[in-house]
Amino acid sequence: MIHIALRTLRFHKGGFIASFIALFFGAAIVIGCGGLFETGLRSAAPPGRLGAAPIVVTGDQSHPGTHGETVFTERVHLDASLAAAIKAVPGVAEAVPDVSFDATVVQGGGPVKVTGHGWSSAALAPYRITDGSAPTGAGQVVLDARLAAKAGLSTGQETQLLVHGGAKKVKVSGIATGSGDANAVFLSDQTAAQATGRPDKLDNIGVLTAPGADRGQVVSAIKKAAEGRPVSVLTGDKRGWAENPSIITDGTKLVTLASVFGGLSAMVTVFVVSSTTSLSIQQRQREMALLRAIGITPGQLRRLILGETLFIAVIATGLACVPGPRVGRRLLEAFARGDVVPDALAYRAGWIPMVTGVGAALLTALGAAFISARGAARTRPTEALAEASLQRKWVSAPRLIFALLFLGGGTALAIVTAHMSGPMAGSTATPAAMLWTAGFGLLGPGLAKVITAVLRWPLRAFTGLAGRLATLNAKARIGRMAGAVMPVMLATGLATALIYLQTTQSSGSQRAFSENMRADLAVTSVSGGLPLSLVDTIQKQPGVAAASAQISSLGYLEPKTPPSQSEIDEGDFEPTEMPMQGVTSEGVTGTTAFRATTGSLDDLHGDTVALPASEAGGFKLGDTVPMRLGDGTEVGLKLVATVDARRGYETALLPASLLVQHTDAGLVPQITVTAKPGTDPAQLQKNLSALAETHPGLGVLSRATVGAVHQSEDDTQAWMAYLVLGVVVAYATIALVNTQVLATTERRREFMLQRLIGATRRQVLRMMTVEAVLVSVAGLVLGALVAVLTLVPLSLSVLGSPVPEGSPWIFATVVVAAFALTLVTTLLSAMIVLRNRPRGVVGIRE
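Residues numbered from 1 in each chain as written. Predicted model: local features only at pLDDT ≥ 70, side-chain atom pairs only at ≥ 80, totals over all residues. Heavy atoms only, no water.

A separate point is the packing of helix H16 (residues 444–463) against helix H17 (residues 465–476). Interaxial distance between H16 and H17 falls to 7 Å at its minimum, and their mutual angle equals 160°. By the angle between their axes, H16 is roughly antiparallel relative to H17. The crossing of H16 and H17 is right-handed. Two secondary-structure elements touch here, H16 through Thr452, Arg456, Leu459, Arg460 and Thr463 and H17 through Leu465, Ala466, Gly467, Arg468, Thr471, Leu472, Ala474 and Lys475. The residue inventory of the contact of H16 with H17, partitioned by class, reads five nonpolar, four polar and four charged. (Axes fitted to C-alpha atoms, helices over the stretch in contact; angles between N-to-C directions. Helix = DSSP H or I, 4+ residues; strand = E, 2+ residues; numbered from the N terminus. Parallel < 35°, antiparallel > 145°, perpendicular 65-115°, else oblique. Left-handed = near helix turned anticlockwise from the far one by under 90°. Contact = heavy atoms within 4.5 Å. Nonpolar A, V, L, I, M, F, W, Y, C, P; charged D, E, K, R; others polar.)

What follows deals with the pattern of salt bridges. Overall, the coordinates contain 11 salt bridges when judged by the stated rule. When the shortest N-O distance is used, the salt bridge between Lys201 and Asp79 registers 2.8 Å. Taken together, the positions of Lys201 in strand E11 (residues 201–202) and Asp79 in strand E2 (residues 78–79) put the pair 122 residues apart, joining distant regions of the chain. With relative accessibility at 28%, the residue Lys201 sits in the partly exposed group. Owing to a relative accessible area of 35%, Asp79 belongs among the partly exposed residues under this scheme. (Salt bridge = Lys/Arg side-chain N within 4 Å of Asp/Glu carboxyl O. Buried < 20%, exposed > 50% of the residue type's maximum accessible area, 1.4 Å probe, protein only.)

In this structure, Thr452 sits in helix H16. Classification of Thr452 by relative accessible area gives buried; the value is 6%. Beyond its immediate stretch of four places on either side in the chain, Thr452 contacts Thr471, Ala474, Met481 and Leu774.

Let's shift gears to the sheet that holds strand E13 (residues 231–234). In space, the four strands of this open sheet follow the order E3-E12-E1-E13, with antiparallel pairing throughout. Every interior strand has two partners, whereas the edge strands, strand E3 (92–98) and E13, have only one. The average angle at which neighbouring strand axes cross in this sheet is 20°, direction not considered. Bridge count for strand E1 (residues 55–59) against E13 is four bridges, and the pairing is antiparallel. Paired with Val57 across the two strands is Val233, which belongs to E13. The strands touched by helix H6 (residues 215–225) within the sheet are E1, E3, strand E12 (204–209) and E13, with E1 carrying the most contacts at an inclination of about 25°. (Pairing = 2+ DSSP bridges.)

Right, let's talk about helix H10 (residues 298–320) for a bit. End to end, H10 covers 32 Å across 23 residues, agreeing with the expected 33 Å (1.5 Å per residue, within 8%). Taken together, the buried positions of H10 are Gly299, Leu301, Leu304, Ile305, Gly307, Glu308, Thr309, Ile312, Ala313, Ala316, Thr317 and Ala320. (Expected span 1.5 Å × (residues − 1).)

It is worth spelling out a negative patch on the surface at this point. Among the surface-exposed residues, Asp536, Glu586, Asp602 and Asp603 lie close enough to one another that they form a single negatively charged patch. One can find Asp602 in the loop between strand E17 (596–599) and strand E18 (608–612). (Patch = residues over 30% accessible without salt bridge, like charges linked within 9 Å, V, L, I, M, F, W, Y side chains within 5 Å. Areas by Shrake-Rupley, 256 points an atom, 1.4 Å probe, with all protein chains shown as cover. Lys, Arg positive; Asp, Glu negative; His and termini not counted. Charge placed at Lys NZ, Arg CZ, Asp CG, Glu CD.)

Below is the structure:
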């Protein structure tokens, strides 16, 4: 039977080419997603500026007791004294301290953002002086050669350096070249330590080993010397973590993204491959019926179909292993360009993603072939030709059971979505869309039958004989009709649901921001931040009613009772993630919508906290709340108030003076200002801009500008989702075109018979136009149903309304695109078929 299966391939090129295309693209996408998943797990980041150090010691970003599953978003710093302890370890030639800080070089061409370091760490790149000398005093700086060329600076010139909320004039003492950041500047070690605001803390320690030292033994000795301190000893590609700790958190983000993307892609692949394979085999029912009538056994028929499918699937999935990794690389590069993940994250994928992608595609193809062959094989020979000539059965018991399970799962997720907090609702809405699509896909023939029955009379009334023929064709071959409808449903349903999902969540975030933002102006700086003392200065300016620092971070609410060692060992300890905002107690109520439900926000001084009312259960005013700040510092804060907040946007309020010490910059990124009644905000903006004379780099933004900046940040996150959506919908669109071509070109005999009995080419094309409209409408109705069932619960969660947010032109574009693709593909395929001579084609088939 395998030999026969291979010989039949050349007689059914259309069906097998369609299956090949679906398998090839589906496997390539799944392999690419698997590569992203493995990349996120490995989080490999080849070092740049620290590349000359074989060992790098940095702060442990993992929350204690969570086995690395929970990480801190702010850098965990090291005690400066640790460098001396490591230097004393046998086998260590040098322990080089390293610090980094944001700064801005101001030159004639405008401000240039740079990263500053101490000169000692230049040996870790390594950098070498090509002109001038190393910095020795507080007023000297060495520039990376690329930065010097961009800024138009040379040795001996003076420039202004904005750093740690202040400005200083510095002289370029030298130009250096190396493999580090192109925008690097180097100060003397003492000046750099002061510029960080943490003279007793280090970011990293680069370890240079002595000649002949065993690196493994040195690593073990360093870990022993640092025992009891929150440190990580890194080697190999993990050394890049020290340069950019966000790689750890973004690696986790990439794992989640790849899982969602991969799951969605796999579902689409299963759907498309199953639909294409089933349609291809359904169109050969007459052939299968003849084989059964001449004595082929059910087992032989199944082996025939499985052999054909396996041959095509092995070739398609094998070839997909070539572009698959490239798909993953291109997606990672796109995510890096959109600032979704650091560009230092290296693509690392082995054989597992390939095996997974190939295996998924093979199992899908063989599963679809087996299910399709099962129906043909179970048909009795005496009924074979009758069964082939007219499709009577459109649903089987297993198909119905799985459809009900998928629809039940979609219903359950819809209920969960409606009751979730707004920002988290998308995590269940996307799987719900997948379940709804799968459920309706399994019920496709029945749903297509119902929609055809509803549209039958309107189509006949407006299109006459062409409409009558089209509806009769759909009724007689409901399986073929469903196979053509499903890709339309898939493309339109996913596109509509996922696009409006993003616009709705973005609108919810913007509403929450606008509702909380009561200030008229916001003061920022291009130097990386503002000193906390500037809040008092602004508060004293004429026309200012209230001013408050705004510092955002992410910490954790710890349990009242410390976890037991067994909970830690078993990984059952999960601290509560808590967004934190540092504010000025005197100005918080005048610049934001935060209001105390119990206690008073005026008491936010020292080691205190105001918790969201929803998270304050178990605590009463005056209790000590155990928390960990963004850099892992463990604190006990006195609860002085509780506040209400929009669900999903709960935030703990801390004194800015406390939180600022535990952020990477150590500065205030923004100060919000509310004008007194009767004061023109525009005039106040001009007045506050005058502070730039004493605080270079200071800027004052209007409320509208601040809102636009926040919207652009949301757009960056949405861009990531649109990229994922674009790949999936593009594949679904390929499947739509693929299926329409297959469904049309395999009807040669039918078209030629119509031509022989007197139908003109124009009449056949009219009939196919009506069929294309019928397929489009049915697919759009089911796709819209998928979108509605997905978006209504999401909108209730995010906006409190069943109507999603977004332009109606989005849906209009999806509708027009679906109609156009279906109509153009169907008519072009039909025109190609109609170029054949009727007698020749019918003779061959007969």
